[in-house]
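What the coordinates show
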Amino acid sequence: MASDRELTGDTVEGTSGQPPAPPETGEMELPLHARNRAAEIVRSPDKLREMVAEAREKADSAGGATSPLSGVIEDLKTMFDLLRAVARGDYRLRKETLILIAGAVLYFVIPIDVIPDFIPVAGFIDDAAVIAWVVKTCKTEIDLFRALTGGDDAPEPDVA
């Protein structure tokens, strides 16, 4: 059962096998608090699923056409599907790629960040920037996941 094991993401089965390119000088990086917390979360399939469920709920309520997220919402939903597939043990990523993607989703979930999410419209600008940067950084892996799975919109069965 997936919840009984740790997700290390050290192997690259079904992936491009290429780590994301390190940021060049002056480029954006994932905020340290999001990176560190994501590194903890990806070790537990249950915590990863919980984070994705919370993020999906927030995206559904915040992703309107006038939201700064409107340009990245499809990529964000693909990241949700990818993380769910990893949590189920159906897909594997390099550890660094997994942490970056989980970190972007976590940054989106955290209400207090550079621009707090409760500030109308502006509150999601920094979230959209982090998501867009991670999508650009992990583009090969995200595109490969889309190509291999055609997305993953099927609901995850409840496990009692």
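Residues numbered from 1 in each chain as written. Predicted model: local features only at pLDDT ≥ 70, side-chain atom pairs only at ≥ 80, totals over all residues. Heavy atoms only, no water.

**Observations regarding the packing of aromatic side chains**
Tallying each qualifying case throughout the model produces two aromatic pairs. The interplanar angle of 40° and the centroid separation of 6.2 Å between the aromatic rings of F108 and F124 together place this pair among those described as tilted. Remark: F124 occurs in the loop between α4 (95–109) and α5 (125–137) and F108 occurs in helix α4; sequence separation between them is 16 residues. Here the two residues F108 and F124 agree in accessibility, since each one is buried. Seen from the ring of F108, K58 lies directly overhead, with NZ or CZ sitting 5.1 Å from the centre. (Phe/Tyr/Trp six-rings, centres within 6.5 Å; stacked < 30°, edge-to-face > 60°. Helix = DSSP H or I, 4+ residues; strand = E, 2+ residues; numbered from the N terminus. Buried < 20%, exposed > 50% of the residue type's maximum accessible area, 1.4 Å probe, protein only. Lys NZ or Arg CZ within 6 Å of the ring centre and 35° of its normal.)

**A word on a nonpolar patch on the surface**
A cluster of nonpolar residues, I112, F118 and I119, forms a patch on the protein surface that exposes about 320 Å² of accessible area. Residue position: I119 is located in the loop between α4 and α5. For I119, a relative accessible area of 33% puts it in the partly exposed group. (Patch = residues over 30% accessible without salt bridge, like charges linked within 9 Å, V, L, I, M, F, W, Y side chains within 5 Å. Areas by Shrake-Rupley, 256 points an atom, 1.4 Å probe, with all protein chains shown as cover. Salt bridge = Lys/Arg side-chain N within 4 Å of Asp/Glu carboxyl O.)

**Points about helix α1 (residues 32–41)**
Every buried residue of α1 is accounted for by A34, A38 and I41. Projection of α1 onto a plane perpendicular to its axis shows the buried side chains occupying an angular sector of 55°, all on one side. Contacts made by the buried residues of α1 are with α2 (45–62) and α4. (Arc of directions from axis to C-beta. Contact = heavy atoms within 4.5 Å.)

**Quick notes on the environment of R94**
Structurally, R94 is set in the loop between α3 (73–88) and α4. Relative accessible area serves as the criterion here: at 27%, R94 is assigned to the partly exposed category.

**Some details on the confidence of the model for the protein chain**
This prediction gives the protein chain a mean pLDDT of 79; 74% of its residues lie at or above 70. The secondary-structure element of the protein chain with the lowest mean pLDDT is α5, recorded at 92, while α4 shows the highest, at 96. Residue range residues 1–26 is modelled with pLDDT below 50. Its contacts to residues more than four positions away, or to other chains, number 59 contacts. Note on residues 154–160: pLDDT is under 50 here. Beyond four places in sequence and across chains, it has five contacts. (pLDDT = per-residue confidence, 0-100.)

**Some points on a negative patch on the surface**
The grouping of E50, E54, E57 and D60 at the surface amounts to a negative patch. Along the chain, the position of E50 falls in helix α2. The exposure class of E50 is exposed, given its relative accessible area of 55%. (Lys, Arg positive; Asp, Glu negative; His and termini not counted. Charge placed at Lys NZ, Arg CZ, Asp CG, Glu CD.)

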